[in-house]
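# Breakdown of the fold
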Amino acid sequence: MADVAEAVVAGGRSRILLLSDFDGTLCEFRNDPESVQLAEPRRAALSTLARRPALCVGIVSGRRAADIRGRAALDGPVYYAGLHGMEILGPDGGFTVGQLAAYRGRLQELRASLAAAVRHLDGVFLEDKDLSVALHVRAAAPVDRARAEETFWALVSPALRAGRARVQRGHCVFELLPDIAWNKGNAVHWIEGNATRRLGAPMRTVYLGDDRTDEHAFEAVGDRGVTVIVGRAPSAAAHRLPDPAAVEQLLDRLVSLTADR
Ligand SMILES: [Mg+2]
């Protein structure tokens, strides 16, 4: 953790854009995603960092942007990017990827079919994010998990072939999204541009994430900044932390190291 903290502040006096994924990175996973909340010490540390003039903070998640904003409830100017970056709420205005709403009808039809098809499977949970549909299998036994996967692919394949949806896989989750080529990496670039215009100075980007969706962001940051994978997944990130508790330690360390900034 100390190495990562040193790497973050190694850019001397340049501003830091600190971006992080939410579930599995800032928060431990729970079987029910609705029950996940940002622990108070982490909220306090991120809020302190967000209020520092030399820092800019954002959360980039697969959840809806408004959901993340409500759950994190940070004080200070913060970016909340939702739907894997397709919608962004910023300190002074936001962004939504074009044509997003046009996919709602078809996604909702698929959601209804999927809901009926997996209803009898224990531990399988279908999350409706209005513009995306996530099938969670974390709490399912292997046999139900396999059935859920099989059902999922059988039901969504025609829509995938027709370009009406795409699938983003994550930890124990299969998510149907609008078939728009925009990912967390694009969101990182958008936030970098917006924050630079807003604050009028180049920044050093730091990105923390735990899942394959975060690899897009790691690629976007590359060696211009600091990339941190949380957990044990293979990753292109330059640094690794074991779990969200270690992320909390990192945030605390950064609060100390940037006290005069
Ligand atoms: Mg995550």
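Note that this is a predicted model, so its numbers are computed, not measured.

## Re the domain arrangement of the protein
Domain parsing of the protein yields domain 1 (2-97 + 182-257) and domain 2 (100-177). Facing the 18 residues of domain 1 at the interface are 17 residues of domain 2. Taken together, both faces of the contact between domain 1 and domain 2 bury some 1500 Å²; the carbon and sulfur share is 59%. The tally of links between domain 1 and domain 2 comes to zero salt bridges.

## Quick word on the sheet that holds strand β9 (residues 173-177)
Judged by pairing direction, the sheet is antiparallel, and its four strands sit side by side in the order β6-β7-β9-β8 without closing on themselves. Looking along the sheet, the strands with just one partner apiece sit at the ends: β6 (125-128) and β8 (166-170). If you compare each strand with its neighbour and ignore which way they point, the axes differ by 20° on average. Bridge count between β6 and strand β7 (residues 133-136): four bridges; the pairing is antiparallel. In the sheet register, E127 faces β7, and the bridge partner there is A134. Its contacts with the sheet place helix α4 (residues 104-118) against β6, β7 and β9, and it is angled at close to 160° to β6. Helix-sheet contacts for helix α5 (residues 142-161) involve β7, β8 and β9, and the interaxial angle to β8 is about 150°.

## Observations regarding the pattern of salt bridges
The final tally for this structure, using the stated rule, is 19 salt bridges. Between E40 and R43 there is a salt bridge, with the nearest N and O atoms lying 3.0 Å from each other. Here E40 and its partner R43 are both found in helix α2 (residues 40-51), three residues apart, which amounts to about one turn of the helix. According to the relative accessible area criterion, E40 is partly exposed, its value standing at 46%. The closest approach of N and O atoms between R71 and D67, which form a salt bridge, is 2.9 Å. Of this pair, R71 and D67 are both found in helix α3 (residues 65-72), four residues apart, which corresponds to roughly one turn of the helix. Judged by its relative accessible area of 25%, D67 is partly exposed. Through salt bridges with shared partners, a single network forms among D23, E34, R63, D67 and R71.

## Some details on α5
Spanning 20 residues, α5 covers 28 Å between terminal C-alpha atoms, matching the ideal 28 Å at 1.5 Å per step. At L155, α5 shows its maximal kink, close to 35°; a proline, P158, follows between one and four residues later. Looking only at α5, the buried set comprises D144, A148, F152, V156 and A159. Turning to α5, the residues buried within the fold contact α4, β7, β8 and β9. Where α5 ends, the next residue or the one after it, G163, has phi of about 75°, a positive value.

## As for the coordination of the magnesium ion
Of the protein atoms, only D21 (OD), D23 (O) and D210 (OD) coordinate the magnesium ion, at distances of 2.1 to 2.2 Å. Sequence positions of the residues that donate to the magnesium ion give the spacing D-x1-D-x186-D. In this pair, D21 sits in the loop between β1 (15-20) and α2 while D210 sits in the loop between β10 (203-209) and α7 (212-221), placing the two residues 189 residues apart along the sequence. Taken individually, D21 and D210 each receive the classification buried, so the pair is uniform in this respect.

## Considerations on the packing of α4 against α5
For any two helices packed against each other, the geometry comes down to the angle between their axes and how far apart the axes lie. Interhelical geometry of α4 versus α5 gives an angle of 160° and a closest axis separation of 10 Å. Here α5 runs roughly antiparallel to α4, going by the angle between their axes. Seen from above, α4 lies across α5 with right-handed handedness. Here R106, L110, S113, L114, A117 and V118 of α4 come into contact with α5, specifically with T151, F152, L155, V156 and A159. Classifying every residue of the contact of α4 with α5 by side-chain character gives eight nonpolar, two polar and one charged.

## Re unusual backbone geometry
Within the chain, A73 stands out as a residue other than glycine whose phi angle is a positive 45°. Secondary-structure assignment places A73 in the loop between α3 and β3 (78-82). Classification of A73 by relative accessible area gives partly exposed; the value is 36%.

Quick notes on the rules
- Residues numbered from 1 in each chain as written.
- Predicted model: local features only at pLDDT ≥ 70, side-chain atom pairs only at ≥ 80, totals over all residues.
- Heavy atoms only, no water.
- Domains from an automatic or database assignment.
- Contact = heavy atoms within 4.5 Å.
- Buried area = accessible area lost by both parts, 1.4 Å probe.
- Salt bridge = Lys/Arg side-chain N within 4 Å of Asp/Glu carboxyl O.
- Pairing = 2+ DSSP bridges.
- Helix = DSSP H or I, 4+ residues; strand = E, 2+ residues; numbered from the N terminus.
- Axes fitted to C-alpha atoms, helices over the stretch in contact; angles between N-to-C directions.
- Buried < 20%, exposed > 50% of the residue type's maximum accessible area, 1.4 Å probe, protein only.
- Expected span 1.5 Å × (residues − 1).
- Bend = angle between axes of the 7 residues up to and from the residue.
- Donors = N, O, S within 2.8 Å, 3.2 Å for Na, K, Ca; no water.
- Parallel < 35°, antiparallel > 145°, perpendicular 65-115°, else oblique.
- Left-handed = near helix turned anticlockwise from the far one by under 90°.
- Nonpolar A, V, L, I, M, F, W, Y, C, P; charged D, E, K, R; others polar.

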